[in-house]
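Overview (structure and organization)
One letter stands for each residue in the lines below.
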Amino acid sequence: MRKSKAVPLAAAVIVTVVACAISSAPAQAQDFCLETAVNYAAGDAPYSVFAVDLDGDGDADLAVANGNSNNVSVLKNNGDGTFVTTAVNFPAGDEPTSVIAADFDGDGAWDLAVANNNGDNISVLINCAPPPCQCPCHGDPQCDGVPNVQDVVKTVDVAFRGAAPIFDPLCPREQTDVNCDGVSTVQDVVKMVNVAFRGASKATEYCDPCAP
């Protein structure tokens, strides 16, 4: 016997953008306003929506549990607060009514878990996209957030003294390869000295380690 269903709140995902400032006075009623809603098509009888960066581009995408079509709709963020008009649908269980995201396999990418009301089970959808690039210690092999002499010494060790290159787990570049030419050299030492002691900025001296 099929279980009774809650009435879905809407026939489509509704995205609203906060456009007005919120009052900072905590003891007073807060003012806000919303722009006119923009509706995006999902599956049949969407029950739940969760915002999460599924493709690793820094923008929150939408995952929607569709109770009648037994799937999850994913709407990718265009990066400007709008979403693709055609959702990509992934099969789930019988009558999915809730969806959440977490990194279940520890690879740095968000996965989805879906509660299936009529199936009495949970569907787990592992994200098969490449994990997002993360280089927190690039140009800072001490990883203390402050370029200093220890960082320069570690770079010299790698460039000239045979020390093994150091990598962050999800970063394609060596921590000491600050010009992103694929190897730590005297140029990297010079750039690190410029940042640590001569007032140069990381933005001008260091490359983007996550750039293609």
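Residues numbered from 1 in each chain as written. Predicted model: local features only at pLDDT ≥ 70, side-chain atom pairs only at ≥ 80, totals over all residues. Heavy atoms only, no water.

1. Focus: the sheet that holds strand E8 (residues 111–116)
By way of backbone hydrogen bonds, the strands of a sheet pair with one another, either parallel or antiparallel. Read across the sheet, 3 strands follow the order E7-E8-E9 without closing on themselves; strand pairing throughout is antiparallel. Two strands lie at the open edges of the sheet, namely strand E7 (96–102) and strand E9 (121–125), each paired on one side alone. Ignoring strand direction, the axes of neighbouring strands in this sheet form an average angle of 20 degrees. Across 5 bridges, the pairing between E8 and E9 is antiparallel. Residue pairing across strands places Leu-112 opposite Leu-125, the latter belonging to E9. (Pairing = 2+ DSSP bridges. Helix = DSSP H or I, 4+ residues; strand = E, 2+ residues; numbered from the N terminus. Axes fitted to C-alpha atoms, helices over the stretch in contact; angles between N-to-C directions.)

2. Some words on the layout of surface pockets
Here the largest pocket is characterised by a volume of approximately 360 Å³. Along its surface, the largest pocket is lined by 16 residues, and Leu-54, Val-74, Phe-90, Asn-127 and Cys-128 are the ones closest to its centre. (1 Å grid on protein atoms, 1.4 Å probe; cavity = no way out; pocket = protein on both sides within 12 Å on 5 of 7 lines; lining within 4 Å. Points joined across faces, edges and corners; volume = space filled by probe spheres on them.)

3. Details of the sheet that holds strand E3 (residues 46–52)
With antiparallel pairing, the 4 strands of this open sheet are ordered in space as E3-E4-E5-E6. The sheet is open, and its two borders are formed by E3 and strand E6 (88–91), each paired with just one other strand. Within this sheet the neighbouring strands show an average axis-to-axis angle of 25 degrees, counted without direction. Strand direction decides the pairing type here: strand E5 (residues 71–75) and E6, joined by 4 bridges, are antiparallel. The residue bridging Asn-71 from the neighbouring strand is Pro-91, located in E6.

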